[in-house]
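Residues per chain, in single letters:
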Amino acid sequence: MNSFPAQGRPAEEILQQIDHMKSHDMDSTGSRLWSLVYYHSPEVLQLAQEVYARYISENALNPLAFPSLRRMENEVVSIVKGLLHCPPAGGGTMTSGGTESIFLALKAARDYARMHKPHLSHLEVVAPLSAHPAFDKAAHYLGLRLIHTPLDSDGAADVSAMEAAISERTVLLVGSAPSYPHGVVDPIPQIAELAQRKGLLFHVDACVGGFILPFLERIGLPIPPFDFRVEGVTSLSVDLHKYGYTPKGASVILYRERALRRHQFFVYGGWNGGIYASSSFSGTRSAGAIAAAWAVLQYLGETGFVAAAQAAWETTRRIHSAISDIAELYVIGRPAATVFAIGAHPPLDIYALGDALAKRRWFLDRQQRPASLHLTVTAGHARVVEEFIRDLREAVAEERLRLGRGAWRRRMGRTAVRAGLAVLPERWVRSMARWISRTAQTDRPPRRTAALYGMMASLPQQGSVEKLVEDFLDQALGA
Ligand SMILES: Cc1ncc(COP(=O)(O)O)c(C=O)c1O
């Protein structure tokens, strides 16, 4: 049904339709996704659902109306401050997610620079290539120029390249703990030393790592320094809706000094609706996400998070050891924790392996430069790890067989396609991508994507890929 019903429909019928539509989705509690979902256990999920439901209509925009929300937000921020060693003079807020936290860190840095260096324009941020695209997005919205710097051979930020990219317009340096694509922790102490020497702000993106690295450290893993214990780190983002196992819509942005936090606020006194003040980007804010985050932190406590980190780490080690027994596969770079990527030696095509795993109902993100499959391992994956390893071995064996049968023909075909892509008009390539994206538009998660990813990775210009994906988004969104 596409139209707005003239009259309302019975709740029972709507729920049935929802269940039917949802039956084609990946199961978010089944731990068969290796990104997007951070599942802990049925107990955590049930508590979060109950608490979320109790706050379904409240609005965290105005702390005066709902003091219970203000209290929970303060307590969550305090817990995270303690965990990441933010000094008492520091402060933070909850936000709707990593992207918003990063946006606010960049806004605070921009407005801080505008106040302290008012003569400068066209302000710049220096970030390693592995930094999350949320930085590019924020810089785009805020009118900042983001300068990407190369990585070293292990996939970590190259600090001398960062130093070379600094100009008098630079306001902020960025490091990840860890980066999403390969799970590598940047050399935070060295970047912090550079920031201090140059008098710059330094943001650590611990969106994915901030709620697992401290617990891995407690079980004795050699976690490189990344939090406020490192002098020179001035702000840090950490998502609760990732390794905090809380419902989507919960992240924290922290600042070493509250004076810096003030630059993320927005206050407007001229509106006839009254004085409008908002501490973050959003106006209306989900109370459910704040309350459920508070509840999950209370429920698991420190020991619960240590146990969850241990389970995710043991599962990661199990997968690494299985990969080291498969000649065609390897783990990319030097991941510090439970986020990593699998690459393949030619002629095995890692995207085809992704498709073979999708056939077995595993969902893995495809990455590029180099081509790889992404895994973010959570506590929930402990239940399914042996099945995954069995399927991974089977999928590789299947690919070996296929390669044995048609290696020559396929290699010739691919060479021809690559040569063609380098010279074909972009219009042709785009219409081909439209065709591929239409074929991927069923109600089910796509299973066969190797051709699409292979083609995109072969396109000569990054701009062409971006245009292709814009077309894809436009068509996929439909209405
Ligand atoms: C390192 C890192 N930073 C930022 C983000 C953006 O977070 P969100 O998707 O919650 O906006 C992610 C998301 O995966 C991430 O892994």
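Relevant structure appears above.
Below: a short report on this structure. What you see is a predicted model; the values in this text were computed from it and never measured.

With 13 residues, helix α2 (residues 42–54) ought to run about 18 Å at 1.5 Å a step, and its terminal C-alpha atoms sit 19 Å apart, in line with that. Turning to α2, its buried residues number three or more, namely V44, A48 and V51. The arc enclosing the buried residues of α2, seen along the axis, measures out at 70°, which places them on a common side. Exposed residues on α2 whose side chains face more than 90 degrees from its buried face are P42 and R54. Against α10 (287–324) lie the buried residues of α2.

Attention shifts here to the site of the ligand. Around the ligand sit 13 residues, and of these G98, T99, D205, H241 and K242 come closest. Between the ligand and D205, the relevant distance is 2.7 Å, taken from a nitrogen atom to a side-chain nitrogen or oxygen of the residue. Here K242 contributes a side-chain N or O atom positioned 2.9 Å from an oxygen atom of the ligand. For the ligand, whose unbound accessible area comes to 390 Å², protein coverage reaches 83%.

What follows concerns the pairing of strand β4 (residues 170–176). Of all 7 residues in β4, 7 are buried, a share of seventy percent or more. Alignment of strand β2 (residues 124–128) against β4, held across 3 bridges, turns out to be parallel. Counted as the bridge partner of V126 is L173 from β4. Across 5 bridges, the pairing between β4 and strand β5 (residues 201–205) is parallel. Looking at β5, one finds that G175 is bridged to V204.

The subject of this paragraph is the packing of helix α3 (residues 67–83) against α10. Close contact between α3 and α10 brings their axes to 9 Å; oriented N to C, the two are set at 50°. What the angle tells us is that α3 and α10 run oblique. Viewed along their axes, α3 and α10 form a crossing whose handedness is left-handed. For the pair formed by α3 and α10, the contact residues are L69, M72, E73, E75, V76 and I79 on the first element and A287, I290, A291, W294, L297 and Q298 on the second. Looking at the contact of α3 with α10 residue by residue, the classes come out as 9 nonpolar, 1 polar and 2 charged.

A separate point is empty space enclosed by the protein. In the structure shown here, the tally under the stated rule is 1 cavity of 30 Å³ or more. Roughly 30 Å³ of internal volume is contained in the largest cavity. A breakdown of the residues in the lining of the largest cavity according to their chemical character gives 3 nonpolar, 4 polar and 2 charged.

As a further point, take the packing of aromatic side chains. Going through the model one piece at a time under the given rule, you end up with 10 aromatic pairs. Ring geometry for W34 against W362: centres 6.1 Å apart, planes inclined by 40°, an arrangement best described as tilted. Placement of the pair is W34 in the loop between α1 (11–22) and α2 and W362 in the loop between α11 (350–359) and β12 (366–367), with a sequence separation of 328 residues. Taken as a pair, W34 and W362 share a single burial class, namely buried. Ring centres 6.2 Å apart and planes at 90° place the aromatic pair Y243 and Y245 in the edge-to-face group. For the pair shown, Y243 and Y245 are each scored as buried. Aromatic rings pair up to connect W34, W362 and F388 into one cluster. Cation over ring: R32 sits above W362, and NZ or CZ is 3.8 Å from the ring centre.

Roughly 660 Å³ of internal volume is contained in the second largest pocket. In terms of lining residues, the second largest pocket is bounded by 28 residues, among which P63, R70, E73, S279 and R285 are the most central. Mapped by element, the contributors of at least two residues to the lining of the second largest pocket are α3, β1 (91–95), α9 (258–261) and β9 (276–278). Top contributing element to the lining of the second largest pocket by residue count: α3, with 7 residues. Split into classes, the residues belonging to the lining of the second largest pocket amount to 12 nonpolar, 10 polar and 6 charged.

Rules of the game
Residues numbered from 1 in each chain as written. Predicted model: local features only at pLDDT ≥ 70, side-chain atom pairs only at ≥ 80, totals over all residues. Heavy atoms only, no water. Helix = DSSP H or I, 4+ residues; strand = E, 2+ residues; numbered from the N terminus. Expected span 1.5 Å × (residues − 1). Buried < 20%, exposed > 50% of the residue type's maximum accessible area, 1.4 Å probe, protein only. Arc of directions from axis to C-beta. Contact = heavy atoms within 4.5 Å. Near = heavy atom within 4 Å. Polar contact = N/O pair within 3.5 Å; in protein donor to acceptor, adjacent residues only side chain to side chain. Areas by Shrake-Rupley, 256 points an atom, 1.4 Å probe, with all protein chains shown as cover. Pairing = 2+ DSSP bridges. Axes fitted to C-alpha atoms, helices over the stretch in contact; angles between N-to-C directions. Parallel < 35°, antiparallel > 145°, perpendicular 65-115°, else oblique. Left-handed = near helix turned anticlockwise from the far one by under 90°. Nonpolar A, V, L, I, M, F, W, Y, C, P; charged D, E, K, R; others polar. 1 Å grid on protein atoms, 1.4 Å probe; cavity = no way out; pocket = protein on both sides within 12 Å on 5 of 7 lines; lining within 4 Å. Points joined across faces, edges and corners; volume = space filled by probe spheres on them. Phe/Tyr/Trp six-rings, centres within 6.5 Å; stacked < 30°, edge-to-face > 60°. Lys NZ or Arg CZ within 6 Å of the ring centre and 35° of its normal.

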